[in-house]
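If you want the building blocks of each chain, they are given just below.
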Amino acid sequence: NEDRTISVDKTVIEELRRYKIWCRERLLKGGVRLKDDMHILFDNDLGPLHESAPMSRWKTILRRVGLKYRGFHCLRHTHASNLIAIDINLKLISERLGHKSIRITMDRYGHLLKKSDERMRNALEALQADLK
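Let me sum up the structure you'll find in this document. Quick caveat: nothing in here was measured; it's all calculated off a predicted structure.

Contact geometry for helix H4 (residues 90-97) and helix H5 (residues 102-109): axes closest at 9 Å, N-to-C directions at 100°. In terms of their interaxial angle, H4 and H5 are classed as roughly perpendicular. Here Leu90, Lys91, Ile93, Ser94 and Leu97 of H4 come into contact with H5, specifically with Ile102, Thr105, Met106 and Tyr109. Of the residues assigned to the contact of H4 with H5, the class counts are six nonpolar, two polar and one charged.

Here is the structure:
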């Protein structure tokens, strides 16, 4: 797993800020000061989350809201599919997902580009009509 930087919107940034404040307050109650190099996702013992914790919590959330089980990784596919649906450049999506090549992205999500093809055809037809 390589580190990468992804852009997020103002809402996500604000939620992360609020979460970090909440973490600081929770840690202070336990007599611990949050340092810049400390994890902000932590377990009940204030240590880093065990690698199985996110999946366990995901299952709990789905069960509590009465949704059919979907793997946590489905969120990634939904995100990529939504970006394609709003015509985000496929190269940018590929980089965001951390794919080593745009070909990987095309192999996985290329079937979703059919709507883009239809929009392109309609735009070309409108352009040709304007030229007449």
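Take unusual backbone geometry next. For residues other than glycine, phi is negative in most cases, and the peptide bonds are mostly trans. Located in the positive-phi region is aspartate 87, a residue other than glycine, with phi close to 60°. Examined against the element boundaries, aspartate 87 turns out to sit in the loop between helix H3 (74-85) and H4.

One can find histidine 77 in helix H3. Of the polar contacts made by the side chain of histidine 77, one reaches the side chain of tyrosine 109; its length is 2.5 Å. Each residue touching histidine 77, except ones within four places of it in the same chain, is listed here: Arg108 and Tyr109.

A word on the pattern of salt bridges. Considering all chains together, one arrives at four salt bridges under this definition. Of the charged contacts, one joins arginine 18 and glutamate 15 as a salt bridge, the two residues approaching to 2.1 Å between their closest N and O atoms. Of this pair, arginine 18 and glutamate 15 both sit in helix H1 (residues 10-29), three residues apart, roughly one helical turn. With a relative accessible area of 45%, arginine 18 lands in the partly exposed category.

Okay, the side chain of threonine 105 next. Structurally, threonine 105 can be placed in helix H5. Note on threonine 105: relative accessible area 0%, which makes it buried. Not counting residues up to four positions away in its chain, the partners in contact with threonine 105 are Leu90, Ile93, Ser94, His99 and Gly110.

Turning next to the packing of aromatic side chains. Describing an aromatic ring pair means giving the distance of the ring centres and the angle of the ring planes. A complete count under the given rule lists two aromatic pairs for this structure. Where tyrosine 19 meets tryptophan 22, the ring centres are 5.8 Å apart and the plane angle is 25°; that geometry is what we call stacked. Of this pair, tyrosine 19 and tryptophan 22 both sit in helix H1, three residues apart, which is roughly one turn of that helix. The partly exposed category is assigned to tyrosine 19, whose relative accessible area is 24%. Tryptophan 22 gets classed as partly exposed once you look at its relative accessible area, which sits at 42%. With a centroid separation of 5.4 Å and an interplanar angle of 80°, the aromatic rings of tryptophan 58 and phenylalanine 72 are classed as edge-to-face. Pair noted here: tryptophan 58 is in helix H2 (residues 53-65) and phenylalanine 72 is in the loop between H2 and H3, with a separation of 14 residues, a long-range link.

Our next topic: the nonpolar core. Core analysis: the largest hydrophobic core is formed by seven residues, namely Ala80, Leu83, Ile84, Leu90, Ile93, Leu97 and Tyr109. Taken together, the elements giving at least two residues each to this core come down to H3 and H4. Residues within four places of leucine 97 in sequence aside, it is in contact with Arg4, Arg76, Ala80 and Tyr109.

Cut-off values and rules
Residues numbered from 1 in each chain as written. Predicted model: local features only at pLDDT ≥ 70, side-chain atom pairs only at ≥ 80, totals over all residues. Heavy atoms only, no water. Axes fitted to C-alpha atoms, helices over the stretch in contact; angles between N-to-C directions. Helix = DSSP H or I, 4+ residues; strand = E, 2+ residues; numbered from the N terminus. Parallel < 35°, antiparallel > 145°, perpendicular 65-115°, else oblique. Contact = heavy atoms within 4.5 Å. Nonpolar A, V, L, I, M, F, W, Y, C, P; charged D, E, K, R; others polar. Polar contact = N/O pair within 3.5 Å; in protein donor to acceptor, adjacent residues only side chain to side chain. Salt bridge = Lys/Arg side-chain N within 4 Å of Asp/Glu carboxyl O. Buried < 20%, exposed > 50% of the residue type's maximum accessible area, 1.4 Å probe, protein only. Phe/Tyr/Trp six-rings, centres within 6.5 Å; stacked < 30°, edge-to-face > 60°. Core = buried A, V, L, I, M, F, W, Y, C linked by side-chain atoms within 4.5 Å.

As far as function goes, none of this settles anything; it's purely spatial.
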